Amino acid sequence: ATMAEEAKKLAAYAAVDNHVQNNQAVGVGSGSTIVYAVDRLAARVRQEKLNIVCVPTSFQARQLILQHSLALSDLDRHPQLDVAIDGADEVDADLTLIKGGGGCLTHEKIVASCAKHFIVIADYSRKDSKVLGQQWKKGVPIEVIPMAYVPVCRTIVRRFGGEAHLRMAVSKAGPVVTDNSNFLLDWKFDGAQNWREVNAAIKMIPGVVDTGLFVDMAERAYFGMEDGSVQVRD
Ligand code: 5RP
């Protein structure tokens, strides 16, 4: 495995080992780092005969849970989760996150909001920054109702600067469509902002479903480091 993959694994294993216990309901995030967390969860369930239920944050997470024969649940049955574990695109010094690189930000934020403890896992590269925007150069993902994407883009740029673009499929044949059948904007901002206020203001724009800004949600982040150690931020 490459060093970055090894680092993802280290962070994921540390989070699962430190935060998951028997008889818990666990929120399962999305992305490439969470794959290692689900591997670890499945291994521990087998070895320690843990009784755990998992609530997914995306189609991908649901597939991972099913493939590992973990118990699949939902927020109807488990509206209170003991812990949620997820990746992030960027984590700043205050544990404010940019998420949604994979487009699952709305479900991820809902699941994180239902968890007593929300734990972030990431590799050292590209993720750790003092000020949001230092590392993740693609901007803040924002999920929008399709018919509103042009006015939402214009309003965000007028009020907060930068530029906002509709996220297109790799083929360029059309826009990326979320698990909720919505579109995604990527808003490239300039400079530091008051993220709590910006998040609240963007959420109020008609047509916005949610933003990839996670303010005051994460309790702790685990960074897998290049030298094989794990750095904790909380
Ligand atoms: C998806 C996300 C992911 O958690 C984020 O993109 C991190 O992914 P990866 O672990 O592959 O770096 O927010 O919406």
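Here the residue numbers are simple positions, counted from 1 along each chain's written sequence. pLDDT decides what is reported in this predicted model: residues at 70 or higher carry local features, side-chain atom pairs at 80 or more are listed and counted, and totals for whole chains, interfaces and linings draw on all residues regardless. Each side-chain value is derived from all of the structure's non-hydrogen atoms; neither hydrogens nor water enter the calculation.

Colleague: Requested: an account of the overall build of the protein chain, with residues and values cited.
Modeller: Helix and strand assignments follow DSSP, with helices taken as H or I runs no shorter than four residues and strands as E runs no shorter than two, numbered in order from the N terminus. Regarding its fold elements, the protein chain presents six helices and 14 strands. With the radius of gyration taken over C-alpha atoms, the globule rule is written as 2.2 Å times the number of residues to the power 0.38. Taking 17 Å as the expected radius of gyration for a compact globule of 234 residues, we find that the protein chain reaches 17 Å, a close match to that expectation. Considering only C-alpha atoms, the protein chain reaches an extent of 55 × 40 × 35 Å along its principal axes. Think of it in three bands: residues with accessible area under 20% of the maximum for their type are buried, residues over 50% are exposed, and the middle band is partly exposed, with areas taken using a 1.4 Å probe on protein chains only. For the protein chain, the residues scored as buried account for 50% of the 234 residues in total. Any two residues having at least one pair of non-hydrogen atoms within 4.5 Å are treated as being in contact. Expressed as a percentage of contacts within the protein chain between residues at least 6 apart in sequence, the contacts between residues at least 24 apart total 74%. Computed with the Shrake-Rupley method and a 1.4 Å probe, the accessible areas treat only the protein chains shown as cover for residues. Carbon together with sulfur atoms contributes 51% to the accessible area of the protein chain, which is approximately 10900 Å² in total. Just so you know, the count uses Lys and Arg for positive and Asp and Glu for negative, and it drops His and the chain ends. Think of each charge as sitting on NZ of Lys, CZ of Arg, CG of Asp or CD of Glu. With 26 positive and 28 negative side-chain charges, the protein chain shows a spacing of 3 Å between the two charge centroids.

Colleague: Can you break down the pairing of strand β10 (residues 183-188) residue by residue, with the values?
Modeller: Here β10 lies mainly inside the structure; five of its six residues are buried. DSSP-based pairing: two strands are paired if at least 2 bridges between them are found. Here strand β8 (residues 140-144) pairs with β10 via five bridges, running antiparallel. Along β10, the bridge assignment pairs Pro-141 with Asp-186. Here strand β9 (residues 163-166) runs beside β10; their pairing, made up of four bridges, is antiparallel. Within β10, the residue paired with Leu-166 across the bridge is Leu-185.

Colleague: For the nonpolar core, give the residues involved together with the corresponding values.
Modeller: By convention a nonpolar core is built from buried Ala, Val, Leu, Ile, Met, Phe, Trp, Tyr and Cys residues, the set being connected through side-chain atoms within 4.5 Å. Residues Val-20, Ile-34, Ile-85 and Ile-121 are the most contacted members of the largest nonpolar core, which totals 26 residues. Elements supplying a minimum of two residues to this core: α1 (3-19), β1 (25-28), α2 (34-48), α3 (59-67), β4 (81-86) and β7 (115-123). Considering each element in turn, this core owes the most residues, six residues, to α2. Ignoring sequence-local partners within four residues, the contact set of Val-20 consists of Ala-15, Val-26, Leu-41, Arg-44, Ile-52, Val-83 and Ile-85. Membership of the second largest hydrophobic core comes to 25 residues, among which are Trp-136, Cys-153, Val-198 and Val-208.

Colleague: Kindly report on the environment of Leu-72, identifying the contributing residues and their values.
Modeller: Tracing the sequence through the fold places Leu-72 in strand β3 (residues 71-72). Overall, Leu-72 belongs to the partly exposed group, its relative accessible area being 28%. Non-local contacts of Leu-72, meaning those with residues more than four positions away in its chain, are made with Cys-54, Pro-56, Arg-62, Ile-65, Leu-66 and Arg-77.

Colleague: Could you give an account of the sheet that holds strand β6 (residues 97-98), with specific residues and numbers?
Modeller: Backbone-to-backbone hydrogen bonds join strands into a sheet, with any given pair of strands oriented parallel or antiparallel. Strand order in the open sheet formed by three strands is β5-β6-β12, with antiparallel pairing between adjacent strands. A strand with exactly one partner marks an edge of an open sheet, and here the two such strands are β5 (90-91) and β12 (213-214).

Colleague: I'd love a proper account of the domain arrangement of the protein chain, names of residues and values included.
Modeller: Per the domain assignment, the segments making up the protein chain are domain 1 (3-129 + 215-225) and domain 2 (140-211). Note: domain ranges come from an automatic or database domain assignment. On a C-alpha basis, the centres of domain 1 and domain 2 stand 24 Å from each other. Every contact between the two is made by 15 residues of domain 1 and, on the other side, 16 residues of domain 2. Counting each side, the surface lost to burial between domain 1 and domain 2 is near 1200 Å², with a carbon and sulfur contribution of 54%. By convention, the term buried area covers the 1.4 Å-probe accessible surface removed from two parts as they join, with the contributions of both added. Taken as a group, Leu-105, Thr-106 and Lys-109 account for 38% of the area that domain 1 buries against domain 2, more than any other trio of residues on that side. One side-chain nitrogen of Lys or Arg within 4 Å of one carboxyl oxygen of Asp or Glu is enough to make a salt bridge. Between the two partners, domain 1 and domain 2, sit two salt bridges. For Asp-216, the salt bridge goes to Arg-196, with nearest N and O atoms at 2.2 Å. Whenever a nitrogen or oxygen atom comes within 3.5 Å of another N or O atom, the pair is scored as a polar contact, on the condition that within protein one atom can donate a hydrogen and the other can accept it, and that pairs from neighbouring residues in sequence are kept only if both atoms are in side chains. One can count nine residue pairs in polar contact (both at pLDDT 80 or more) joining domain 1 with domain 2. Top element by residues in the side of domain 1 that touches domain 2 is helix α4 (residues 105-113). It accounts for four residues.

Colleague: Quick rundown of the pairing of β7? Include the residues and the values.
Modeller: Counting buried positions along β7 gives seven out of nine residues, so the element sits mostly inside the fold. Across five bridges, β4 lies against β7 in parallel orientation. Counterpart to Ile-85 in the pairing with β7 is Ile-119. Relative to strand β13 (residues 220-224), β7 runs parallel, the two sharing five bridges. If you follow Val-120 over to β13, its bridge partner there is Ala-221.

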